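Inside the fold
The residues making up each chain are set out below.
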Amino acid sequence: MTDRLLIQNLTSLVALRNTQLEKLQAAQAEKTATAERYKKNLERLHSLAVASGASGSLPLALAANCGNYKQAVLAMADSHRLDLTMHEADMAVSQRALNQAYVKCEVLGQVLEKNEKALASKGAVQERKVHDDLATQVWLRSQK
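Residues numbered from 1 in each chain as written. Predicted model: local features only at pLDDT ≥ 70, side-chain atom pairs only at ≥ 80, totals over all residues. Heavy atoms only, no water.

1. Notes on the overall build of the chain
- Per the secondary structure count, the chain includes two helices and zero strands.
- Radius of gyration (C-alpha) of the chain: 33 Å, far over the 15 Å computed for a compact globule of 144 residues.
- Dimensions of the chain along its principal axes, counting C-alpha atoms only, are 125 × 25 × 15 Å.
- Nonlocal contacts in the chain, meaning residues at least 24 apart in sequence, comprise 80% of its contacts between residues at least 6 apart.
- Put simply, the chain shows about 10,800 Å² of open surface, and 59% of that area lies on carbon and sulfur atoms.
- Distance between charge centres in the chain, computed from 19 positive and 15 negative side chains, equals 3 Å. (Helix = DSSP H or I, 4+ residues; strand = E, 2+ residues; numbered from the N terminus. Rg over C-alpha atoms; globule rule 2.2 N^0.38 Å. Contact = heavy atoms within 4.5 Å. Areas by Shrake-Rupley, 256 points an atom, 1.4 Å probe, with all protein chains shown as cover. Lys, Arg positive; Asp, Glu negative; His and termini not counted. Charge placed at Lys NZ, Arg CZ, Asp CG, Glu CD.)

What follows is the structure in structure tokens.
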């Protein structure tokens, strides 16, 4: 495999990894937005439970109704907390995958940069060699 072909393949691979990294970043941002929605919903559920007032000061039927309402709101809040906890665990796994993808992308970028520098220095050596050969030929012709 020639050096130029290797660099071309590495460039394609780096671009592919960058695309994958961008997709993972977008997915992580979406998950973060979802977690924020869960947190806002939990705040609203808490405020609904608090705003319903004390059920002990109401007549019996209304107190039972208010109590059932608070129970339902608190049960829903517990369900949302559980969902949020599971979602945050999923976010942690996604963050690790994102970090690994970032590291892979950086490593490939460094390998590409190293190969480009090696090819450039190899090209510079060849160019100097050509110039030296030309200078030698000119000198030899001037000696005749």
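There's plenty left to go through after this.
2. A few points about the pattern of salt bridges
- If you walk through the whole model with that rule in mind, you get five salt bridges.
- Here Lys-122 and Asp-3 are joined by a salt bridge, their closest N and O atoms 2.9 Å apart. A residue pair is termed long-range when its members are at least 10 positions apart, and Lys-122 in helix H2 (residues 60-143) and Asp-3 in helix H1 (residues 3-51) qualify at 119 residues.
- Under the relative-accessibility criterion, Lys-122 is labelled partly exposed at 43%.
- Among the residues examined, Asp-3 registers a relative accessible area of 33% and is labelled partly exposed.
- For Lys-39, the salt bridge identified is with Glu-88, shortest N-O distance 4.0 Å. Here Lys-39, found in helix H1, pairs with Glu-88, found in helix H2; they are 49 residues apart in sequence, far enough to count as distant.
- In this structure Glu-88 comes out as partly exposed when scored by relative accessible area, which is 35%. (Salt bridge = Lys/Arg side-chain N within 4 Å of Asp/Glu carboxyl O. Buried < 20%, exposed > 50% of the residue type's maximum accessible area, 1.4 Å probe, protein only.)

3. Things to note about the packing of H1 against H2
- At a minimum axis distance of 7 Å, the contact between H1 and H2 shows a crossing angle of 160 degrees. Between H1 and H2, the crossing angle belongs to the class labelled roughly antiparallel. The interaxial crossing formed by H1 with H2 has left-handed handedness.
- Its residues assigned to classes, the contact of H1 with H2 shows 29 nonpolar, 13 polar and 13 charged. (Axes fitted to C-alpha atoms, helices over the stretch in contact; angles between N-to-C directions. Parallel < 35°, antiparallel > 145°, perpendicular 65-115°, else oblique. Left-handed = near helix turned anticlockwise from the far one by under 90°. Nonpolar A, V, L, I, M, F, W, Y, C, P; charged D, E, K, R; others polar.)

4. Quick notes on the environment of Val-111
- Tracing the backbone shows Val-111 in helix H2.
- It is 10.0 Å that separates the C-alpha atoms of Val-111 and Thr-11, two residues lying 100 residues apart in sequence.

5. Details of H1
- End to end, H1 covers 71 Å across 49 residues, agreeing with the expected 72 Å (1.5 Å per residue, within 8%).
- Every buried residue of H1 is listed here: Ile-7, Leu-10, Val-14, Leu-21, Gln-28, Lys-31, Thr-34, Ala-35, Leu-42, Leu-45 and Ala-49.
- In this structure, the buried side of H1 is in contact with H2.
- Gly-53 occupies a position one or two residues after H1 and carries a positive phi of about 80 degrees. (Expected span 1.5 Å × (residues − 1).)

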